[in-house]
Amino acid sequence: MTQRTPIVGGNWKMNTNHRTAAELTRELAGGLERVGGVDVFIAPPFPYLLLVGAILRERGSRVVLAAQDVYFEPDGAFTGEVSIPMLQDCHVRSVIVGHSERRHVLGEHNETINRKLRAVLDAGLQGVLCVGETLAQREAGRTDDVNRMQLQECLAGIDAEHAERLVVAYEPVWAIGTGRTATPEDAQNAHHKIRGVLSGLFDEHVASRIRVQYGGSVKGSNALGLFAQGDVDGGLIGGASLKSAEFVQICQAAAQSARGA
Ligand code: PEP
């Protein structure tokens, strides 16, 4: 079995301000200094990328600076959008695409997400593709079909070489920000199926190397149970990523899950 380094991401969403973003970054850089065996990224809001990146560099932190979204065109008349060259200029190395809030609140479709992801991977950045079913889809027994369709459409035209920089985040929409978490067994089941789809799209070897994070109300107290599952390679964390001690605890759980593997 391929040994995958777990990966934990903090999605700050539309939270923090100049002062609290700086404080949180300093606390995380300090708290994660001695936590090894796990890759960590944090995705602050666009206006704080430079600030957060500067603090991470000043601290010599291994935490990777990520963005919550991007637009696929390199420049031009796209009011309100942010391009990949702009993110690179801010030292961003990882980009989340297709988050469920972008899909369901802001109306983003698989085709747009695919264009964004291709642009991110083409630029040599890490792309974190979010997929996951709504409560209605889950109750209709469509979880695996929805994940398969999102993966197929969002990964169209992406080759195995680009997939080296791909991370998939399985985030059941009903679990995001709700306090409801998938059981470790349900998460493992969905992740295993997702890896099967990745095998079909690329091949088994490539699929065995792609990290699949779980996201949806992960906390310090439930992280280890989820991350201990064979196909769960860490987590994408929303609410709990705004509390430094809790986020550090989640990263420690991911590191521990890898040691126990
Ligand atoms: C997320 O925003 O990706 C997320 C999983 O949020 P939360 O951890 O708050 O459920």
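As the structure is a computational prediction, the values presented were derived from the model and not from experiment.

*Asks:* Pulling in residues and values, what's your account of the nonpolar core?
*Replies:* Grouped together as the largest cluster of nonpolar side chains are 72 residues, with contacts concentrated most on Leu 129, Leu 198 and Phe 227. In terms of residues, this core owes the most to one element, helix H12 (residues 244-259), which gives seven residues. Setting aside anything within four residues of it in sequence, one finds Leu 198 in contact with Leu 151, Leu 155, Val 168, Asp 203, Ala 207, Ile 210 and Val 212. Ranked by size, the runner-up nonpolar core spans 11 residues in total, among them Ala 43, Val 64, Cys 130 and Val 167.

*Asks:* I'd like to hear about empty space enclosed by the protein, residue by residue, with values.
*Replies:* In this approach the atoms are scanned with a rolling probe the size of a water molecule, which exposes any empty space left behind. If you walk through the whole model with that rule in mind, you get one cavity of 30 Å³ or more. Of the pockets and cavities examined, the largest cavity occupies roughly 40 Å³. If you go around the largest cavity, the residues you meet are Gly 98, Ser 100, Arg 103, His 104, Cys 130, Val 131, Gly 132, Gln 150, Glu 171 and Val 173. No other element matches helix H4 (residues 100-104), which puts three residues into the lining of the largest cavity.

*Asks:* Which residues make up the layout of surface pockets, and what are the values?
*Replies:* Here the largest pocket defines a volume of roughly 410 Å³. The space that makes up the second largest pocket amounts to roughly 240 Å³. Lining the second largest pocket are 19 residues, and of these Gly 177, Ser 217, Gly 238, Gly 239 and Ala 240 sit closest to its centre. Broken down by class, the residue content of the lining of the second largest pocket amounts to seven nonpolar, nine polar and three charged.

*Asks:* Tell me about the packing of helix H1 (residues 18-31) against H12, residues and numbers included.
*Replies:* In the contact formed by H1 and H12, the axes pass within 9 Å of each other and the chain directions differ by 35°. The handedness of the crossing between H1 and H12 is right-handed. From H1, Leu 24, Glu 27, Leu 28 and Gly 31 reach across to H12, where they touch Ser 244, Phe 247 and Val 248. Each residue belonging to the contact of H1 with H12 can be placed in one class, and the counts come to four nonpolar, two polar and one charged.

*Asks:* Let's hear about the sheet that holds strand E1 (residues 7-11): which residues, and what values?
*Replies:* Strand order in the closed barrel formed by eight strands is E1-E2-E3-E4-E5-E6-E7-E8, with parallel pairing between adjacent strands. Between one strand axis and the next, the sheet turns by 25° as a mean value, whatever way the strands run. On the sheet, helix H7 (residues 143-154) packs against strand E5 (126-131) and strand E6 (166-170) and is oriented at approximately 145° with respect to E5.

Thresholds applied
Residues numbered from 1 in each chain as written. Predicted model: local features only at pLDDT ≥ 70, side-chain atom pairs only at ≥ 80, totals over all residues. Heavy atoms only, no water. Core = buried A, V, L, I, M, F, W, Y, C linked by side-chain atoms within 4.5 Å. Buried < 20%, exposed > 50% of the residue type's maximum accessible area, 1.4 Å probe, protein only. Helix = DSSP H or I, 4+ residues; strand = E, 2+ residues; numbered from the N terminus. Contact = heavy atoms within 4.5 Å. 1 Å grid on protein atoms, 1.4 Å probe; cavity = no way out; pocket = protein on both sides within 12 Å on 5 of 7 lines; lining within 4 Å. Points joined across faces, edges and corners; volume = space filled by probe spheres on them. Nonpolar A, V, L, I, M, F, W, Y, C, P; charged D, E, K, R; others polar. Axes fitted to C-alpha atoms, helices over the stretch in contact; angles between N-to-C directions. Left-handed = near helix turned anticlockwise from the far one by under 90°. Pairing = 2+ DSSP bridges.

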